[in-house]
Amino acid sequence: MLINIILITAGMALLLKGGDILVNGASSLARRKKISELAIGLTIVAFGTSAPEFIISFVASLDSHPEIALGNVIGSNLFNLLFILGLTGLLMPVAVQKNTVRFEIPFSLLAAVVLFLLANFGFIYGSKYIIGRIDGAIFLVLFGLFIFYVFKTMKSGETSDSEAPSKYLSLPKSIIFIILGLVMLIVGGRLVVKSAVELALALNVSEKIISLTIVAIGTSLPELIISITAMIKKKSDLAIGNIVGSNIFNILFILGASAVARPLEYSPVFNHDLYLLMFGTLLLFIAMFTGKKRMLDRWEGAVFLLLYIGYVVFLIIRH
């Protein structure tokens, strides 16, 4: 068991460093094109910080561990939304752009609702609790629409990045960083999935619990670091864009690609977690109209944190 914990820690370290290197390389490429911080947060940074989740869920899907694939995504989204955004809002009120309120947050809610419907009602395959290849393709199409929207609107976005282009990585170095980051992510993802399965067996707990907690929180550490750093630097667009973009990316792209690679068996036990995810996303939308408009206030951040703490307690009691 100790060896599995060490291997999970080593895998997480590779995932975190790989994601960091990937973000640095990709961000340098994007910023040289003077793309807005919100657009970078919704795409490049969201992709980079969600890369650990992608590798773990994709590998878990190929290795026939659907509970890890699903638990990792749903657990990460809950941690992103309730803990990271809650903590960020508690530290400093988060200002949110009008487009984020009108489109990105509702789109994040739509992604969770579509996942719930396709997984539970078997509209396409006639059997419940299967996320098949066609379902995965639907997710990927929705993700494509989201990316199209972001790239269409980013032209009008203004970058507030004050750094000179000379401070960015060179083109060859950016490409090397991206490739190196991906390699570290793949190796780290393999280590985490294999060790998490063995740890679950050793502790006699379900893969679902391990994936919703240890794996999900571990893979969400990049989002936590980036969001807090962004708020300290007073770049709330990057913080909110990172969280909302990551949650959309996690469901639509990660589960979409995973289901296309190998259909996922869905356990209805995940419905409780999805209920909270949908409720939390709806609560974030409502928070934009309470207190200061388009602002996540400190007391609202505290509510999000309390919800996450209650959720973890619920997981422990339910197990």
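See the structure shown above.
Residues numbered from 1 in each chain as written. Predicted model: local features only at pLDDT ≥ 70, side-chain atom pairs only at ≥ 80, totals over all residues. Heavy atoms only, no water.

Caption draft 1: A look at the environment of G86. Secondary-structure assignment places G86 in helix α3 (residues 66–91). Given the relative accessible area of 0%, G86 is considered buried. Sequence spacing of G86 and V303 is 217 residues, and the spatial spacing of their C-alpha atoms is 7.3 Å. When neighbours within four sequence positions are excluded, G86 is seen to be in contact with L81, G301, A302, F304 and L305. (Helix = DSSP H or I, 4+ residues; strand = E, 2+ residues; numbered from the N terminus. Buried < 20%, exposed > 50% of the residue type's maximum accessible area, 1.4 Å probe, protein only. Contact = heavy atoms within 4.5 Å.)

Caption draft 2: Structural view of the packing of aromatic side chains. Counting across every chain of the model gives 16 aromatic pairs. Measuring from centroid to centroid gives 5.6 Å for F116 and Y275, while their planes differ by 50°, and the two rings are tilted. Of this pair, F116 sits in helix α4 (residues 98–121) while Y275 sits in helix α10 (residues 271–287), placing them 159 residues apart in sequence. Residue class for F116 comes out buried when judged on its relative accessible area of 14%. On the basis of relative accessible area, Y275 is assigned to the partly exposed category, the value being 42%. (Phe/Tyr/Trp six-rings, centres within 6.5 Å; stacked < 30°, edge-to-face > 60°.)

Caption draft 3: Layout of the environment of A69. Along the polypeptide, A69 turns up in helix α3. The exposure class of A69 is buried, given its relative accessible area of 0%. Spatially, the C-alpha atoms of A69 and E53 are 8.5 Å apart, while their sequence positions differ by 16 residues. Ignoring any residue separated from it by four or fewer positions in sequence, one finds A69 in contact with S57, A60, S61, L255 and L264.

Caption draft 4: Expanded view of unusual backbone geometry. We note that N204 has phi near 60°; this positive angle belongs to a residue other than glycine. On the secondary structure map, N204 appears in the loop between α6 (171–203) and α7 (207–219). Relative accessible area serves as the criterion here: at 68%, N204 is assigned to the exposed category. In this structure, R294 is a non-glycine residue whose phi angle is positive, near 55°. With respect to the element layout, R294 can be found in the loop between α10 and β4 (295–296). Here R294 falls in the partly exposed class, since its relative accessible area comes to 31%.

Caption draft 5: Quick peek at the nonpolar core. Ranked by size, the top nonpolar core spans 82 residues in total, and within it I131, F139, I251, L252, L274, L284 and M288 carry the most contacts. Each residue touching F139, except ones within four places of it in the same chain, is listed here: V114, L115, L118, I131, I251, L252, L255 and G256. (Core = buried A, V, L, I, M, F, W, Y, C linked by side-chain atoms within 4.5 Å.)

Caption draft 6: Structural detail: the packing of α4 against helix α5 (residues 133–153). Running from amino to carboxyl end, α4 crosses α5 at an angle of 175°, the nearest separation of the two axes being 11 Å. Put simply, α4 runs roughly antiparallel to α5. Mapping the contact onto sequence places N99, F103, E104, F107, V114, L115 and L118 in α4 and D135, I138, F139, L142, F146 and Y149 in α5. (Axes fitted to C-alpha atoms, helices over the stretch in contact; angles between N-to-C directions. Parallel < 35°, antiparallel > 145°, perpendicular 65-115°, else oblique.)

Caption draft 7: Expanded view of a positive patch on the surface. Residues K98, R102, K293 and R294 make up a contiguous surface patch of positive charge. Structurally, R102 is set in helix α4. Its relative accessible area of 62% is what places R102 among the exposed residues. (Patch = residues over 30% accessible without salt bridge, like charges linked within 9 Å, V, L, I, M, F, W, Y side chains within 5 Å. Areas by Shrake-Rupley, 256 points an atom, 1.4 Å probe, with all protein chains shown as cover. Salt bridge = Lys/Arg side-chain N within 4 Å of Asp/Glu carboxyl O. Lys, Arg positive; Asp, Glu negative; His and termini not counted. Charge placed at Lys NZ, Arg CZ, Asp CG, Glu CD.)

Caption draft 8: Structural detail: the pattern of salt bridges. Within this structure, the stated rule accounts for one salt bridge. Close ionic contact of D273 with K208 constitutes a salt bridge, the shortest N to O distance being 3.3 Å. Placement of the pair is D273 in helix α10 and K208 in helix α7, with a sequence separation of 65 residues.

Caption draft 9: Layout of the packing of α3 against α7. At a minimum axis distance of 7 Å, the contact between α3 and α7 shows a crossing angle of 50°. Taken together, the axis directions place α3 and α7 in an arrangement best described as oblique. Here α3 runs over α7; the crossing is right-handed. Across the interface between the two elements, E67, I68, G71, N72, I74, G75, S76 and F79 from α3 touch E207, K208, S211, L212, V215, A216, I217 and T219 from α7. (Left-handed = near helix turned anticlockwise from the far one by under 90°.)

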